[in-house]
Each structure stands twice: as C-alpha cells, then as structure tokens.
Amino acid sequence: MNCLIGALLFSCFVLSHGDLDLRILEKSNQIASDPLDQELYLERGELYILHEEYLKAKLDFTFCLDHKLDNIHVLLGMSKSLLYLNSPDSALQYVERVLTLEQTHLSALELKGTILSALGNYCAAATTMEQLISLAERPSPALFLEASKDWSSCIENGSSQKEVKILEDGIKRIGTIGVIQKQLVSSYKRLGRYEDAIQLMSSIIEQSNLKIRPYFERAQLYIEMHSPDKAKEDLNMSLSLIDKLPVQKKSLASIENMRSEIVVLLSELKK
C-alpha cells in the first residue's frame, strides 16, 4: 500500500465512520438547501471516498463535472472513485488530466502509478513511482517498496537491476529502514546474489537489538549457499540468544516456533 492509500487509511482512522456519517449528513443537508453548489458536492464526494462509498463519490464528482467544475480535486476524486470501483482504465484517463494541468502533482503521480500497476503495466508504473520519488522531499519507505515490486514484475531487459537499485537508493536516501533492507535481501537472493544478501544480513545483525531472527535468516541463506558450517554457527547463535531471554519471552509462540525450526535445521545439517 502506497502513501496515497496510507493517507486515506489514516484519515479513516482519525475520522471514525461515525464522524464521517455526521459530516456527510451535514453536507447533504447543505446540498438540500443549495442543490446547485458544486463545491458542496466536491466536499461530500471526498467524504464518501473516506467512507469507502465509492459509487456515491463518483456520482458527486460526476455532478461537478457535468456542471463545469473541472479542477484538480474533482479529477483526482473521480480517478480514485473509478479505481476503487474496478475501472482502472477510466481512472487513468482522469489522473492523466490532472497531470496535464500539473505535471509534478505528487498525489496524482502516486495514483497514476497505482493505477498502472492495477492494469498490469508494471514497467510504466515503476517509472512513474521513480519520478514521484525523485520529486518528493521526504519519500516514504512504501514508495521505494512499491517501485521495487513493480520493477520485479516488469519483463523489460534490465528491470531486475532497477528493482535492486531503487531499494539500494532508498537505503542511501532515507536510512537503514528494516522493511527496505529485508526486501533488498529477498531481491538479492532471487537474483542469485547471495554474497550481497549475506553482506546485507550481516549489517542487519549488527544494527539489530534483538538478533535472534537475523541470525536465523542468515543461516537460511548459508544453507541455500551450501555453506553448512556457517549455517550451524548462526543457528547455534540464535539458540544461545533464545536461552538468554527472560522466561516470559521464551514462552512466546513466535520464539518457541523459531526454536523448533532451528532444532530441525540443525538436525538435518548433521545428517
């Protein structure tokens, strides 16, 4: 989920559905008093999107367009409504109109990338997300992850290298964000770049306060690299760290499950 979608979810969280119901009712009453005020329809349409009533939102934005209120807010609202109503082709047309009016509109670029990805046009989606990242003053980790995901689905020559590069650029630009590092490890592994994956996992281990899982995950990489001795070292290190945990943490299901997996792997490596 990207920043635009995240912002909408955040708005929904801050404004409970009960609050939204009241605001929609208030806006509807205002419309009843002034049924030709396009701005009221625009405002209610945006509330409907937050309320996840996309068909009603579309109807309000359609009213605006029919009555010549053709601005960026209306076009973006219509595009979002159509996307959530599973009409990405039509949604793309409206967001393109926004970008005709303002080429560097960040929300529009993000929405366009999301729409292109929904259409299966992954190469164009990734390019759009990279354009957004280059323009954004403080791009979120989600943007780098989304661009990487789109590049991984793109079948053009060189897309795999671009998938890795955008994640590497993300770490350089916004720091050692765990989710980006883990995705980069996965990308390295999928491309057979195990030495790079090991180097990054070693960096993650150094940075981690709780090193149990990172050692376990590096051990799994060593197993795939056919380096059983190094894998055993990391697995034994994970076990020793688990043994040092307080009793209440040792009993957590996630820790117990990991311990069981480690024991199984060690047993298999001894065969």
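Residues numbered from 1 in each chain as written. Predicted model: local features only at pLDDT ≥ 70, side-chain atom pairs only at ≥ 80, totals over all residues. Heavy atoms only, no water.

(A) View of the state of the cysteines. One pass over the structure, following the stated rule, counts one disulfide. Residue pairing for Cys 123: its cysteine sulfur links by disulfide to Cys 154, the two sulfurs lying 2.0 Å apart. When the S-S torsion is 95°, as for the bridge of Cys 123 with Cys 154, the disulfide is right-handed. Residue Cys 123 is found in helix H8 (residues 122–135), and its partner Cys 154 is found in the loop between helix H9 (141–153) and helix H10 (159–174); the two are separated by 31 residues along the sequence. In this pair, the class of Cys 123 matches that of Cys 154, namely buried. (Disulfide = S-S within 2.5 Å. Helix = DSSP H or I, 4+ residues; strand = E, 2+ residues; numbered from the N terminus. Buried < 20%, exposed > 50% of the residue type's maximum accessible area, 1.4 Å probe, protein only.)

(B) Fine view of the packing of H9 against H10. At a minimum axis separation of 8 Å, H9 and H10 run at an interaxial angle of 170°. Taken together, the axis directions place H9 and H10 in an arrangement best described as roughly antiparallel. Residues Pro 141, Phe 144, Leu 145, Ala 147, Ser 148, Trp 151 and Ser 152 of H9 touch H10, and the partners they reach there are Ser 159, Lys 162, Glu 163, Ile 166, Leu 167, Asp 169, Gly 170, Arg 173 and Ile 174. Here the residues of the contact of H9 with H10 are counted per class, giving eight nonpolar, four polar and four charged. (Axes fitted to C-alpha atoms, helices over the stretch in contact; angles between N-to-C directions. Parallel < 35°, antiparallel > 145°, perpendicular 65-115°, else oblique. Contact = heavy atoms within 4.5 Å. Nonpolar A, V, L, I, M, F, W, Y, C, P; charged D, E, K, R; others polar.)

(C) Region of interest: the pattern of salt bridges. Under the definition given, this model contains twelve salt bridges. A salt bridge links Arg 218 to Asp 234, with the shortest nitrogen-to-oxygen separation between them at 2.6 Å. In this pair, Arg 218 sits in helix H13 (residues 212–224) while Asp 234 sits in helix H14 (residues 228–243), placing the two residues 16 residues apart along the sequence. (Salt bridge = Lys/Arg side-chain N within 4 Å of Asp/Glu carboxyl O.)

(D) Representation of the environment of His 226 within the structure. Along the chain, the position of His 226 falls in the loop between H13 and H14. It is 56 Å that separates the C-alpha atoms of His 226 and Leu 47, two residues lying 179 residues apart in sequence.

(E) View of the environment of Leu 239. In this structure, Leu 239 sits in helix H14. We classify Leu 239 as buried; its relative accessible area is 14%. With 21 residues separating them in the primary sequence, Leu 239 and Ser 260 have C-alpha atoms 9.9 Å apart. In contact with Leu 239, other than residues within four places in its own chain, are Arg 259, Ile 262 and Leu 266.

(F) The side chain of Ser 117, seen in detail. Tracing the chain through its elements places Ser 117 in helix H7 (residues 106–118). Beyond its immediate sequence surroundings of up to four residues, Ser 117 is in contact with Tyr 122, Ala 125, Glu 146 and Asp 150.

(G) Molecular detail of H8. In a regular helix each residue adds 1.5 Å, so 14 residues correspond to 20 Å; H8 covers 20 Å between its end C-alpha atoms and thus fits that length. Taken together, the buried residues of H8 touch H7, H9 and H10. (Expected span 1.5 Å × (residues − 1).)

(H) Fine view of the environment of Ile 205. Here Ile 205 shows up in helix H12 (residues 194–207). In sequence terms Ile 205 and Arg 218 are 13 residues apart; their C-alpha atoms lie 8.9 Å from each other. With residues near it in sequence (within four places) discarded, Ile 205 still touches Lys 211, Pro 214, Tyr 215 and Arg 218.

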